[in-house]
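Descriptive structure summary
What follows is the residue order along each chain.
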Amino acid sequence: MKVVYKPGNAYEEISCFDFREFDEGLVLRNEDGYNIGYVPHEILSHIEPHPEERVRFESDERGEDGD
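The structure contained in this document is the topic of the report that follows.

Conventions used here
- Residues numbered from 1 in each chain as written.
- Predicted model: local features only at pLDDT ≥ 70, side-chain atom pairs only at ≥ 80, totals over all residues.
- Heavy atoms only, no water.
- Pairing = 2+ DSSP bridges.
- Helix = DSSP H or I, 4+ residues; strand = E, 2+ residues; numbered from the N terminus.
- Axes fitted to C-alpha atoms, helices over the stretch in contact; angles between N-to-C directions.

**So, the sheet that holds strand S1 (residues 2-5)**
Strand order in the open sheet formed by three strands is S2-S1-S6, and the pairing between neighbours is antiparallel. Looking at the sheet topology across the chains shown, the edges are occupied by strand S2 (12-15) and strand S6 (44-48). Strand-to-strand twist in this sheet, taken as the mean axis angle between neighbours without regard to direction, amounts to 20 degrees.

**Description of the pairing of S1**
For S1 and S2, the ladder comprises four bridges, and the chain directions are antiparallel. Bridge pairing in S2 links Val 3 to Ile 14. What sits between S1 and S2 in their antiparallel hairpin is a turn of six residues.

What follows is the structure in structure tokens.
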């Protein structure tokens, strides 16, 4: 997954395998379980899955009009 955050004027991103959420922010981890970063909640923008991690829902298959 990709964690996107904005520490100043520009957005930055960190690619990670997993994360743990704590009261003050997220600790990002790699595939081996090692901590590779920390993002405080105040600067967190959003989390995006990589294309192979996306989950398909029935509503995605029907289209936006629900048909």
